[in-house]
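Commentary on secondary and tertiary structure
Residues per chain are reported as follows:
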Amino acid sequence: MNTYLEALKIKLTEADYKKLCVIDNSKVHEFIAKSSDLCHAKNIFICSDDPKDIAHIRQQAIASGEEKAVLKIKGHTVHFDGFNDQGRDRKATKYLVPRGISFSKALNQIDRQQGLSEVKGLLMDSMKERTMIVRFISLGPPNSVFTIPGIQCTDSWYVAHAEDILYRPGYQVFCQADSSTQFLRVLHSAGKLNKNMTSLEDDKKAIYIDHMDSTIYSVNTQYAGNSVGFKKLAFRLAIRKANYEGWLAEHMMIMGVHGPGGRKTYFTGAFPSACGKTSTAMLPGETILGDDIAYIRDIGSVARAVNVESGIFGIIKDVNPKDDISIFNVLHSPGEIIFSNILVNNEKPYWLGMGTEIPEKGINFSGEWYKGKQDDEGKEIPLAHKNARYAVALKKLENCDPEIDNPMGVEVSGIMYGGRDAKAYVPVQQSFSWSHGIISYGASLETETTFATIGKEGIPEINIMSIQDFISIPLGQNVCNNIEFGKRLKKAPIVFGVNYFLRNKEGEFLNAPQDKHVWIKWMELRVHGEAGAIRAPTGFLPKYADLQKLFKRILKKEYTKEEYIKQFTIRIPENLAKIERVQRFYQENVTDTPIELFEILDQQRKRLSEAKEKFGDFVSPEKFEW
Ligand code: SPV
Ligand code: MN
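Notes on the structure in this doc start here.

Thresholds, definitions, all that
- Residues numbered from 1 in each chain as written.
- Chains lettered and ligands numbered in written order.
- Predicted model: local features only at pLDDT ≥ 70, side-chain atom pairs only at ≥ 80, totals over all residues.
- Heavy atoms only, no water.
- Near = heavy atom within 4 Å.
- Polar contact = N/O pair within 3.5 Å; in protein donor to acceptor, adjacent residues only side chain to side chain.
- Areas by Shrake-Rupley, 256 points an atom, 1.4 Å probe, with all protein chains shown as cover.
- Nonpolar A, V, L, I, M, F, W, Y, C, P; charged D, E, K, R; others polar.
- Salt bridge = Lys/Arg side-chain N within 4 Å of Asp/Glu carboxyl O.
- Helix = DSSP H or I, 4+ residues; strand = E, 2+ residues; numbered from the N terminus.
- Buried < 20%, exposed > 50% of the residue type's maximum accessible area, 1.4 Å probe, protein only.
- Axes fitted to C-alpha atoms, helices over the stretch in contact; angles between N-to-C directions.
- Parallel < 35°, antiparallel > 145°, perpendicular 65-115°, else oblique.
- Left-handed = near helix turned anticlockwise from the far one by under 90°.
- Contact = heavy atoms within 4.5 Å.
- Donors = N, O, S within 2.8 Å, 3.2 Å for Na, K, Ca; no water.
- Pairing = 2+ DSSP bridges.
- Bend = angle between axes of the 7 residues up to and from the residue.

1. Things to note about the site of ligand 1
The full set of residues close to ligand 1 is Arg88, Tyr223, Gly225, Lys231, Lys232, His251, Ser273, Asp292, Phe313, Arg389 and Ala452. With respect to ligand 1, the side chain of Asp292 contributes an N or O atom lying 3.1 Å from an oxygen atom. Computed on the free molecule, ligand 1 has an accessible area of 280 Å², of which 97% lies beneath the protein chains in the complex. Considered class by class, the residues forming the shell around ligand 1 number three nonpolar, three polar and five charged.

2. Considerations on the pattern of salt bridges
Across all of its chains, the model carries 44 salt bridges by this definition. For Arg99, the salt bridge identified is with Asp111, shortest N-O distance 3.2 Å. You can see Arg99 sitting in the loop between β4 (93–97) and β5 (109–111) and its partner Asp111 sitting in strand β5, a full twelve residues away along the chain. Given a relative accessible area of 69%, Arg99 falls into the exposed group. One salt bridge connects Arg168 with Asp405, and the closest N-O pair in it is separated by 3.1 Å. In this pair, Arg168 is assigned in strand β8 (residues 168–169) and Asp405 in the loop between β24 (389–393) and β25 (410–418), connecting sequence segments 237 residues apart. Take Arg168: its relative accessible area is 5%, and that puts it in the buried class. Take Asp405: its relative accessible area is 35%, and that puts it in the partly exposed class. In the salt-bridge network here, residues are joined through shared partners; they are Lys231, Lys232, Lys277, Asp292 and Glu309.

3. Topic: the packing of helix α4 (residues 51–63) against helix α6 (residues 157–166)
Axes are the key here: two packed helices are described by the angle between their axes and the distance separating the axes. Look at α4 against α6: their axes get within 8 Å of each other, and the N-to-C directions meet at 135 degrees. Taken together, α4 and α6 sit at an angle that is classed as oblique. For the crossing formed where α4 meets α6, the hand is left-handed. Contact residues: Ile54, His56, Ile57, Arg58, Gln60 and Ala61 in α4; Trp157, Tyr158, Ala160, His161 and Asp164 in α6. Looking at the contact of α4 with α6 residue by residue, the class counts come to six nonpolar, three polar and two charged.

4. Re the side chain of Thr593
Checked against the element boundaries, Thr593 lands in the loop between α17 (572–589) and α18 (595–615). A distance of 2.7 Å separates the side chain of Thr593 from the backbone oxygen of Val590, its partner in a polar contact. Those residues in contact with Thr593 that sit more than four places away from it in its chain are Gly476, Tyr586 and Phe598.

5. A short note on the coordination of the manganese ion (ligand 2)
Six octahedral donors around a metal ideally make angles of 90 or 180 degrees; four tetrahedral donors ideally make 109.5 degrees. For the manganese ion (ligand 2), the full set of protein donor atoms is Lys232 (NZ), His251 (NE2) and Asp292 (OD), at a range of 2.1 to 2.3 Å. Of note, the manganese ion (ligand 2) draws all its donor residues from one chain, in the sequence arrangement K-x18-H-x40-D. One end of the pair, His251, is in the loop between β12 (248–250) and β13 (252–258); the other, Asp292, is in the loop between β15 (287–290) and β16 (294–299), with 41 residues separating them in the sequence. Grouping residues by exposure puts His251 and Asp292 together as buried.

6. What about the sheet that holds strand β19 (residues 337–340)?
Here we have five strands laid out as an open sheet, ordered β2-β3-β19-β24-β18, and mixed in their pairing. In the strand order of this sheet, the two ends are held by β2 (67–68) and β18 (311–315), each with one partner. With three bridges connecting them, β19 and β24 associate as antiparallel partners. Bridge pairing in β24 links Ser340 to Arg389.

7. A look at helix α9 (residues 229–245)
Of all the bends in α9, the greatest, near 40 degrees, is centred on Phe235. Counting buried residues along α9, 14 of its 17 residues qualify, which places the element largely inside the surrounding structure. One or two residues past the end of α9 sits Gly246, with phi positive at roughly 85 degrees.

8. So, unusual backbone geometry
The backbone phi angle of His40 is positive, close to 60 degrees, even though this residue is not glycine. A positive phi angle, near 50 degrees, is found at Asn346, a position not held by glycine. Along the chain, Asn346 falls in the loop between β20 (343–345) and β21 (348–350).

In structure tokens form, the structure reads like this:
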């Protein structure tokens, strides 16, 4: 007899008990029973993904007050997170590390036993007066080599509802799986709530990752990046699994870029949060397959990728009719959308940079808001949080790629890496080889912190492959896995480096947000060998004539030689300083750095020094043309 299942019986309705009986995996029952015991759940709701169950979750999210049905358009609701719970919390997120083992110094970690006792102490009795909701999810399309099944137990109806919009249902995956199927586990409680239904004990927030048990614990937070377990929490476990199994789990969007003759070429792109990942994936005229997390596997010696998710938890700031017409329209049409941390006035949502007139009062993440309202430290509270978001299913977008559910994924022809780099890298360049791209663009990715994580903005830092916050293995091993993955492929994707944030001496951006469309089209031509390039010390640069044509065709813009030279001048001192910083970071923090990283960066330094000898500090791209 399965004692866990029997123990659960008293907390379940007859119908829900039957839903669990169909799953032939005692580990599933064990996780649910232990979670319920620890949190002392009043009762348990099992979501079988039946439309009735989904409707119940949605209705409870509103009835509980976690979401508010205060917007005029049908299907739209609003959720607020606590004032200090507006982004991923790096300080509160820790890896549980068994005694005697240490992760790289750059990772936030805690002794496993100590961490487990801390987080279990915080979770204890947290659901006494509440229902524990159990959701089954399929990460990646179901019944595919990519599929990873996951379960989340949570006491937040908002979290359970958001998962419905953002992930593929997984109950059937569990019903069909055999008794030894491995799965990821997430236990979450929003903790004590205030009258606005936001987590009250912000100072006791904990997000702990226990890779030994494939389990994540999250408590005293509701912000989706900390609570929707299948987003960044399960991602941390997936990166680990990928490394041991020889595939890649990446913080990457996936898009189909449309080229001459009706061809479509797929690209993935890694960018830290709030650095242009979603807006690239959503470029008009192209198709979006994913905007945040990709699994990439070697299938038949070709890299193929799937979107782990099925929806977008997108930054709403700056979504406006001029730059993002398709998502702007979706956000103004009927259909299921959860807005978070926006301003509500007269049944309408407002956000920063939306390009329309903004009211001077309303309700936002600080409660009743009026223009000029200040926080406890006397700082003016913006009308909406910079990290305000929307959750919407990808299929609601008119340019959702039709291959989104292909169990074999799509063939990846190009990979791009981009951060917020004001000084060094040119707007777009192509690597000399897979390893050169992985090392000098991916593993050397530098950026500035943004509002997507709690803490100061604008602080420069290394963010390896844009997944440093999520790497749950020694950092060097992750770099190594990436290098090896590409080397095994018969035809590795071409690796590009992009930088949408290059500035001039006066601190002004050298490019408009729309320019990225030109860079994408240039990459597409390069994949097919249909555009030339200039060999510079840091990579292959576009030729002026090619960009001029693309600017005209894509953006109807005259692109001058002067602009080109400003944007693509190789700034040698800045690039040398960058290599210095990156090498120092690895020397000081990453004991298992592959030697190839130092070699490739040394070669890049040599090329830069030679160019400096010959041409001086700032070298026009045309100097490298011959
Ligand atoms: C990001 O910040 O990279 C996101 C949103 O995709 S979060 O869920 O916070 O990770
Ligand atoms: Mn992300």
